[in-house]
Structure formats: structure tokens, C-alpha cells
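The chain contents come next:
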Amino acid sequence: MSHESRKALDRLDPRAPLVLDTRALDRRPGSMRELTRTVPAPADLGVEMVGVPEGTDIELDLRLESVMEGVLVTGTARMPLTGECARCLDPLEDTFEAEFQELFVYPDTRSGGEAEEDERRIEGDLIDLEPVLRDTVVLALPLSPLCRDDCPGLCPDCGVRLADAGPDHHHEVADPRWAALRGLTDQREEKQEG
Ligand SMILES: [Zn+2]
Ligand SMILES: [Zn+2]
């Protein structure tokens, strides 16, 4: 069973924050309706290292347009982001804006009797915006978010944040055999100084 046909079996909840009612929109092609909404972020909206905290406000600016086959939804979503810098693992906080456009076809509109695989449908008079928002956000988020473009990350030897440790931070001796030799040299130097 495909994802789409499984979803069609669950009736959409008209009170769900990301479900839009299209009844106020005239079905004549060219009719348009604009609306703004603030909705709580659904769970798991994000990628591994950065995402939208569940329940925080997502601001939506939406334009619903009647077209021949259905309703074209164009929107902007603004949301807070939290995550971790992929290099230094510092916490990140940011805001994020995503734009999307999606055609929802009328249930009685079938091109040649076959619904396309990835076609989104108006169910009853309702539009489910959540999968659209999810796809948009997940595709747009960086897989390796950075606290700043030139974040130097962590020292591969000791794990210290290189931004704190400074440009001179380095380890001359990584190999334990050299470390032993180095110890001898240090002792000799100390004797000479003393
Ligand atoms: Zn960083
Ligand atoms: Zn180090």
C-alpha cells in the first residue's frame, strides 16, 4: 500500500493546526485567498543535527489559489531552529524561513483516470499542509550546520574547542614512542637550565 493511499484512509482532522479548509475559497479558477496562521511545530521536524523544537511557533503566510485541477498553495513558513554545530558541537539557535508551493488536486479530478503517485489531494474540502511543510523544511535544512562559516571545530587530538584554544594550539607529539623520547629531552633541558 502506498503512502498516499494509506493516508487517504485516515480522515483529516479539520481542527488540526496544519489542516486548511478550502470551503471559503471560490472554486472558480483565478480566485484567491490569503491567510496567516501561527501553528505549533509538529514533532520531529528537522534533520539529525538541527530542527524545529516541537510546539514552538511556526508563522505561516499562505496564498490559496483556485486553478482548474485544484488549489495551488503558496506559502512562507518562519520558524525557530535549534541544533548543534557540526564541527564544534556548540548549541545553535537560529530562525529559518522556507518557501513552498504545492498543488492539491480535487478528489474528482483525475488525469486520464489515474492519480499520479506523488499527487497531493484535497480530502473532503481539506488540505493537509503538514507533509508539505515537513518536506520543505527537511530538504532545506543544512545537514552540517555551523555556528559560523569559519568554525575551526575541535582539536582532533584532545577535543578542545579550537576557537577557544587559539591558532597556536597544537600537539607536537601524537605518537607515544615520540612522547617517551620527548620526556628524555625535557629532562635534559631542565638539567642544563639548573
Ligand atoms: Zn562551531
Ligand atoms: Zn588539542
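Since we're looking at a predicted model, the values are computed, not measured. (Residues numbered from 1 in each chain as written. Chains lettered and ligands numbered in written order. Predicted model: local features only at pLDDT ≥ 70, side-chain atom pairs only at ≥ 80, totals over all residues.)

**A few points about the confidence of the model for the chain**
Model confidence for the chain is summarised by a mean pLDDT of 86, while 79% of its residues fall at 70 or above. Mean pLDDT across the secondary structure elements of the chain bottoms out at helix H1 (residues 3-9), with 49, and peaks at strand E5 (residues 57-66), with 97. (pLDDT = per-residue confidence, 0-100. Helix = DSSP H or I, 4+ residues; strand = E, 2+ residues; numbered from the N terminus.)

**What to know about the environment of Glu123**
For Glu123, the location among the structural elements is in the loop between strand E8 (120-121) and strand E9 (126-128). The class for Glu123 is partly exposed, based on 16 C-beta atoms found within 10 Å. Between the alpha carbons of Glu123 and Arg11 there is a distance of 7.8 Å; along the sequence they are 112 residues apart. (Buried ≥ 20, exposed ≤ 12 C-beta atoms within 10 Å, placed from the backbone.)

**Some thoughts on the nonpolar core**
As a rule of thumb, soluble globular proteins bury nonpolar side chains together. Of all hydrophobic cores here, the largest spans 20 residues; its most connected members are Val52, Ile58, Met79 and Ile127. The set of elements that each furnish at least two residues to this core consists of strand E4 (50-52), E5, strand E6 (70-84) and helix H2 (130-140). If one sorts the elements of this core by residue count, E6 sits on top with five residues. Ignoring anything within four residues of it in the chain, the contact list for Ile127 reads Val19, Leu20, Thr22, Val71, Val73, Phe104 and Ile122. (Core = buried A, V, L, I, M, F, W, Y, C linked by C-beta atoms within 7 Å. Contact = placed C-beta atoms within 7 Å.)

**Focus: unusual backbone geometry**
Its identity as a non-glycine residue notwithstanding, Asp44 has a phi of 55°, on the positive side. As for its position among the elements, Asp44 is in the loop between strand E2 (32-40) and strand E3 (45-46). Positioned with a positive phi, Leu89 is a non-glycine residue whose angle comes to about 65°. Along the chain, the position of Leu89 falls in the loop between E6 and strand E7 (91-105).

**Focus on the environment of Gln101**
Considering the arrangement of structural elements, one finds Gln101 in strand E7. With 25 residues separating them along the chain, Gln101 and Thr76 place their C-alpha atoms 9.0 Å apart. Beyond its immediate stretch of four places on either side in the chain, Gln101 contacts Leu72 and Thr74.

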